[in-house]
Amino acid sequence: MSTPVLAFDETVRQRSSVRAFLPTPLTDAQIQAVLQDAQYSPSNCNTQPWHVHIVSGETKTRLSQLMTDNDLAGKQKPDFTFSYDDFYGDYFDRSQEQARLYYQALGVAREDKNSRRDHYVRNYHFFDAPHAAFLFMPSFGDNIRVASDMGMYGQSFLLSLTARGFAGIPQTLLGFHADLVREALGVPEEYRLLFGISFGYADTSKVAANVRMPRIPVESSVVMHD
Ligand SMILES: Cc1cc2nc3c(=O)[nH]c(=O)nc-3n(C[C@H](O)[C@H](O)[C@H](O)COP(=O)(O)O)c2cc1C
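Predicted model only: the values in this text are computed from it and were never measured.

Trainee: Tell me about the overall build of the chain, residues and numbers included.
Mentor: Scanning the chain for helices and strands turns up seven helices and four strands. From first element to last, N terminus to C terminus, the chain shows the α and β order α-α-β-α-α-α-β-α-β-α-β. The globule rule puts the C-alpha radius of gyration for 226 residues at 17 Å, and the 18 Å found for the chain is close to it. Principal-axis analysis of the C-alpha atoms places the extent of the chain at approximately 55 × 40 × 40 Å. In the chain, of all internal contacts separated by at least 6 residues, the share reaching a separation of at least 24 is 84%. For the chain, the accessible area works out to roughly 13,000 Å², and carbon and sulfur atoms hold 53% of it. Averaging the locations of the 21 positively and 26 negatively charged side chains of the chain gives two centres separated by 3 Å.

Below you can see the structure in the form of structure tokens.
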């Protein structure tokens, strides 16, 4: 077991979406420790709806190739919609700012479509992480409540990685080829793929492991009532 090394306040502030990993794998015991932590996540009526498939080694390499080929062929088929066009106002502006800050840090110009495309495709190579978790869920009603449970699980997973000295990134894009991933991993049709988390050790020599996104002030998100 790897012992958590960080206090909670340090953990939440130190966690970030890392997009460059070392090839060094975690041990089975280290992965188990993270999974044990994440299992304590809260869920509506304690349904614990998370069904998690972790890929490493050859399975990861095979999936990477399948998703890349499928994506380049324009065959994205997520179980849940995603479009930047759905964002509006401040939310749209923040999403634009996130892309601007990230590509600026990497030295990629806005008009450099090829480099941006390469970075997009790196999602399907798990940013070179040695492991990735695919987060599947059953479908209940309009799926909003169960998706929030999955988010709770995802954050526990990510914070556990950080506290133990590892790193990860949640990726909507890992859900863009849901049928293909279900088939490759033998996952029954009834489980929907929400997102994935690539994880391992951060390659801190790379800019893509060190970019930090700003946060709006608490007052912009919270209203206090006496
Ligand atoms: C559910 C979810 C899905 C995400 N999907 C992607 C993705 O597909 N690719 C990516 O590069 N980043 C993805 N991100 C990372 C966000 O861009 C990142 O969390 C945000 O910019 C804040 O940065 P931070 O995580 O470093 O604090 C995702 C984040 C979340 C929570």
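Let's pick the thread back up.
Trainee: Describe the sheet that holds strand 1 (residues 51–56), and please don't skip the residues or the numbers.
Mentor: The antiparallel open sheet is built from four strands, whose spatial order is 1-2-4-3. Both edges of this open sheet fall to strand 1 and strand 3 (167–171), since each of them pairs with a single strand only. The sheet shows a mean angle of 20 degrees between the axes of neighbouring strands, taken without regard to direction. Bridge count for strand 1 against strand 2 (residues 131–137) is six bridges, and the pairing is antiparallel. Counted as the bridge partner of H53 is F134 from strand 2.

Trainee: I'd like a rundown of the environment of M224, residues and numbers included.
Mentor: In this fold, M224 is placed in the segment after strand 4 (192–200). For M224, a relative accessible area of 73% translates into the label exposed. In this structure the C-alpha to C-alpha distance between M224 and G196, which are 28 residues apart in sequence, comes to 35 Å.

Trainee: Hey, could you go over the UniProt feature "domain: Nitroreductase" (unreviewed entry) in the chain for me, with residue numbers and the actual values?
Mentor: If you check UniProt for "domain: Nitroreductase" (unreviewed entry), the listed places come out as residues 12–201 in our numbering. Annotated as residues 12–201, this span is 45% helix and 14% strand, and its ends, taken at the C-alpha atoms, are 17 Å apart.

Trainee: So what about a nonpolar patch on the surface? Which residues, and what values?
Mentor: There is a patch of nonpolar side chains on the surface, built from F82, Y84, F87, Y88, Y91 and F92 and spanning about 640 Å² of accessible area. Along the chain, the position of F92 falls in helix 4 (residues 89–106). Judged by relative accessible area, F92 falls into the partly exposed class, the value being 31%.

Trainee: Would you mind going over the packing of helix 3 (residues 57–72) against helix 7 (residues 178–185) in detail, with residue names and values included?
Mentor: In the contact formed by helix 3 and helix 7, the axes pass within 10 Å of each other and the chain directions differ by 155 degrees. Judged by the angle between their axes, helix 3 and helix 7 are roughly antiparallel. You can see that helix 3 and helix 7 cross each other, and the crossing is right-handed. Contact with helix 3, carried on its side by T59, R62, L63, L66, M67 and N70, involves L180, V181, A184 and L185 of helix 7 and no other residues of that element. Looking at side-chain class alone, the contact of helix 3 with helix 7 contains seven nonpolar, two polar and one charged residues.

Thresholds applied
- Residues numbered from 1 in each chain as written.
- Predicted model: local features only at pLDDT ≥ 70, side-chain atom pairs only at ≥ 80, totals over all residues.
- Heavy atoms only, no water.
- Helix = DSSP H or I, 4+ residues; strand = E, 2+ residues; numbered from the N terminus.
- Rg over C-alpha atoms; globule rule 2.2 N^0.38 Å.
- Contact = heavy atoms within 4.5 Å.
- Areas by Shrake-Rupley, 256 points an atom, 1.4 Å probe, with all protein chains shown as cover.
- Lys, Arg positive; Asp, Glu negative; His and termini not counted.
- Charge placed at Lys NZ, Arg CZ, Asp CG, Glu CD.
- Pairing = 2+ DSSP bridges.
- Axes fitted to C-alpha atoms, helices over the stretch in contact; angles between N-to-C directions.
- Buried < 20%, exposed > 50% of the residue type's maximum accessible area, 1.4 Å probe, protein only.
- UniProt positions renumbered as here; feature names shortened; annotations may be inferred.
- Patch = residues over 30% accessible without salt bridge, like charges linked within 9 Å, V, L, I, M, F, W, Y side chains within 5 Å.
- Salt bridge = Lys/Arg side-chain N within 4 Å of Asp/Glu carboxyl O.
- Parallel < 35°, antiparallel > 145°, perpendicular 65-115°, else oblique.
- Left-handed = near helix turned anticlockwise from the far one by under 90°.
- Nonpolar A, V, L, I, M, F, W, Y, C, P; charged D, E, K, R; others polar.

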